[in-house]
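Residue-level structure breakdown
For reference, the chains in residue letters:
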Amino acid sequence: MIPAIPPLDPMPVPAPIWLVKALLWVTFTVHLLFMNVTLGGAILSAVYALKGKDRDRALAKTLAKMLPFVMPFAITFGVAPLLFVQVLYGPLFYSATILMAAPFLAIIGVLIAAYYGMYLLAWKWTALGRAQGWLAAAIFLLLAYVGFTYTHVFTLMTSPDRFRAMYLAHPDGVQYFFGDPMLLPRFLHMVLGSLAVTGLLVAYLGTRRLRLEPELGRWQFKAGITWFAAATVANLGVGAWWLTALPREAMLLFMGGSALATGAFIAGLVFGVSALVLALMGINSLKPLPMLMGAGHALAVTLICMVLMRDTLRDALLKPAYDVWALPSDSQWVAVSLFLVLFAGGLGVCVWLLKLMRDAARANAAKGDEGNRGPGLTDSGLHRISAEDSQAMRGGLAPESGQRPRVEP
Ligand code: HEM
């Protein structure tokens with residue numbers, strides 16, 4: 001008889017399962033954060049570029065310029081969990097990707113096309129004129145294709161009983177499988193999550209403009225919070241849809257069947273709703289930054305809970321055909337230590353690069369190039385500057401007039 005799951009790699013897992021799992025969770029959480037900002041940044045850049053007012057286009061430009069920087073982080077932090085997925089779920093992951101070989105391999109070309117699009121958008125922003133919004137929308141569609149195909153592959157790999165029939169139906173690998181009720185809510189949950197995370201980032205960038213451009217900063221802050229809140233409320237519904245689309249035994253895991261799944265579910269809900277409440281409380285506050293930071297931290301915890309829930313769900317769906325915790329392991333500590341050292345070094349390089357970027361942005365700001373540096377962590381800056389000063393900052397007063405904005409103590 002042909003087994004549903006191809007036989008295991010004869011090599012044992014080269015590290016304890018808990019360690020590989022932990023690394024998968026950590027790296028996937030980072031991937032999610034950058035992926036969310038890439039996907040959400042592309043949608044919001046398209047929406048605001050197409051809206052057309054000056055303030056909308058300025059925000060669209062900020063997001064468009066950010067895309068070429070965040071996309072490489074999304075990809076690099078995608079490769080890392082891919083390694084751990086291969087180690088833990090190799091026979092399932094490879095089978096699913098072989099069954100969907102054509103759409104899966106196309107991801108490489110699609111990502112390259114999206115990347116070129118981002119550079120074009122960021123570098124030729126002015127020359128593109130009204131085409132900016134359409135190009136950003138095309139980038140979003142390309143990224144959405146990547147996301148949808150990933151959702152498909154990672155859903156399919158939890159259904160090894162489908163492999164044989166799918167292979168016989170399309171041995172050439174040109175296929176998707178749309179019959180799984182989990183697919184659509186799972187994908188929508190990711191897209192809405194991306195909008196929420198990017199909305200919060202937009203709000204944060206809005207607070208950074210408050211000191212020099214109070215009205216614009218406040219508008220951007222409110223716009224970001226509105227995106228965040230709307231996407232999060234919608235996600236509560238889509239999350240419930242996803243839960244009800246699960247097979248009954250899997251759903252019961254989150255209702256007390258498994259301590260980890262239930263704990264992550266409750267904590268995810270509590271922190272998600274807290275993020276929403278904090279963000280909404282900040283919307284009319286004169287000093288919104290503490291609320292915004294609180295919302296950001298609560299959202300980060302929610303993301304971690306979602307990663308844990310998704311992983312426990314995968315293991316539950318695979319049982320009893322495949323028990324990842326029972327895989328043979330033979331730890332090679334020298335290789336593991338070398339990996340951890342290089343991993344820590346890589347993270348250090350990322351932090352250093354981000355610091356360089358921040359310093360360069362500050363240097364530009366000091367030269368007056370889009371210099372909207374923010375007011376600090378607890379000060380909205382609103383009380384410091386009057387409306388007429390803000391006009392002066394935005395060009396209402398000629399710089400050579402010698403009049404400097406009046407900064408109140
Ligand atoms: C920037 C474009 C990308 C987008 C929009 C994107 C989107 C997504 C989405 C939506 C998921 C969740 C799928 C699900 O429902 O389970 C996901 C998972 C994943 N992505 Fe990405 N992805 C991108 C790039 C990449 C790249 C280039 C890699 C690797 C080379 C990668 C590796 C992974 C892995 C390994 C997972 C699953 C981790 C796990 O199951 O624990 N991604 N991605």
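Reading the values: the criteria
Residues numbered from 1 in each chain as written. Predicted model: local features only at pLDDT ≥ 70, side-chain atom pairs only at ≥ 80, totals over all residues. Helix = DSSP H or I, 4+ residues; strand = E, 2+ residues; numbered from the N terminus. Buried ≥ 20, exposed ≤ 12 C-beta atoms within 10 Å, placed from the backbone. Contact = placed C-beta atoms within 7 Å. Near = placed C-beta within 6 Å. Nonpolar A, V, L, I, M, F, W, Y, C, P; charged D, E, K, R; others polar. Core = buried A, V, L, I, M, F, W, Y, C linked by C-beta atoms within 7 Å. Domains from an automatic or database assignment. pLDDT = per-residue confidence, 0-100. Expected span 1.5 Å × (residues − 1). Axes fitted to C-alpha atoms, helices over the stretch in contact; angles between N-to-C directions. Parallel < 35°, antiparallel > 145°, perpendicular 65-115°, else oblique. Left-handed = near helix turned anticlockwise from the far one by under 90°.

Turning to the overall build of the protein, a few remarks are in order. Counting its regular elements, the protein contains 13 helices and 0 strands. Beginning at the N terminus, the succession of helices and strands in the protein can be written as α-α-α-α-α-α-α-α-α-α-α-α-α. For the protein, buried positions account for 36% of its 409 residues. Nonlocal contacts in the protein, meaning residues at least 24 apart in sequence, comprise 78% of its contacts between residues at least 6 apart.

What follows covers the site of the ligand. Close contacts around the ligand come from 22 residues, with G78, L82, G147, T151 and F154 the closest. Breaking the shell around the ligand down by element, the ones donating at least two residues are helix 1 (17-51), helix 2 (54-99), helix 5 (131-156) and helix 7 (183-209). Here the element with the most residues in the shell around the ligand is helix 2; it accounts for 8 residues. Across the shell around the ligand, the residue classes tally to 16 nonpolar, 5 polar and 1 charged.

Here the focus is the nonpolar core. If you look at the biggest cluster of nonpolar residues, it comprises 92 residues, and the most contacted ones within it are A42, A136, I139, L200, F228 and A279. Here this core gets 16 residues from one element, more than from any other, and that element is helix 2. Split by domain, the residues of this core number at least three in each of domain 1 (17-180) and domain 2 (196-319 + 377-382). Every residue in contact with F228, bar those within four places of it in the chain, is listed here: A196, G199, L200, A203 and A279.

Our next topic: the confidence of the model for the protein. Mean pLDDT over the protein works out to 89, with 89% of the residues at or above the 70 mark. Confidence drops under a pLDDT of 50 for residues 369-386, and excluding neighbours within four residues, the segment shows 46 contacts in the predicted structure. In this model, residues 392-409 is a region of pLDDT below 50 whose contacts with residues beyond four sequence positions or in other chains number 16 contacts.

Attention now goes to the environment of L99. Here L99 lies in helix 2. Separated by 69 residues in sequence, L99 and L168 place their C-alpha atoms 9.8 Å apart. Setting aside anything within four residues of it in sequence, one finds L99 in contact with L156, F163, M166, Y167, G173 and Q175.

It helps to recall that an α-helix has 3.6 residues per turn; residues three or four apart then point in one direction. Taking 1.5 Å of rise per residue, the 23 residues of helix 3 (residues 101-123) would be expected to cover 33 Å, and the 34 Å separating its terminal C-alpha atoms lies within 8% of that figure. Residues of helix 3 that are buried: A114, G117, M118 and L121. Next to the buried residues of helix 3 lie helix 2, helix 4 (125-128) and helix 5.

It is worth spelling out the environment of G268 at this point. Of note, G268 is situated in helix 10 (residues 259-282). When the C-alpha positions of G268 and T302 are compared, they lie 4.6 Å apart, and in sequence the two are 34 residues distant. Not counting residues up to four positions away in its chain, the partners in contact with G268 are T302, C305, M306 and M309.

Between helix 10 and helix 11 (residues 289-318), whose axes approach to 8 Å, the crossing angle comes to 155°. What the angle tells us is that helix 10 and helix 11 run roughly antiparallel. Judged by the sense of rotation from one axis to the other, the crossing of helix 10 with helix 11 is left-handed. The residue makeup of the contact of helix 10 with helix 11, split by class, is 20 nonpolar, 7 polar and no charged.

Our next topic: helix 10. For helix 10, with 24 residues, the first-to-last C-alpha span of 34 Å sits near the 34 Å given by 1.5 Å per residue. In this fold, the buried residues of helix 10 make contact with helix 7, helix 8 (214-245), helix 9 (248-257) and helix 11.

This next bit is on unusual backbone geometry. Put simply, K319 and P320 share a cis peptide bond, and its omega is 0°. Assignment of secondary structure puts P320 in the loop between helix 11 and helix 12 (333-366).

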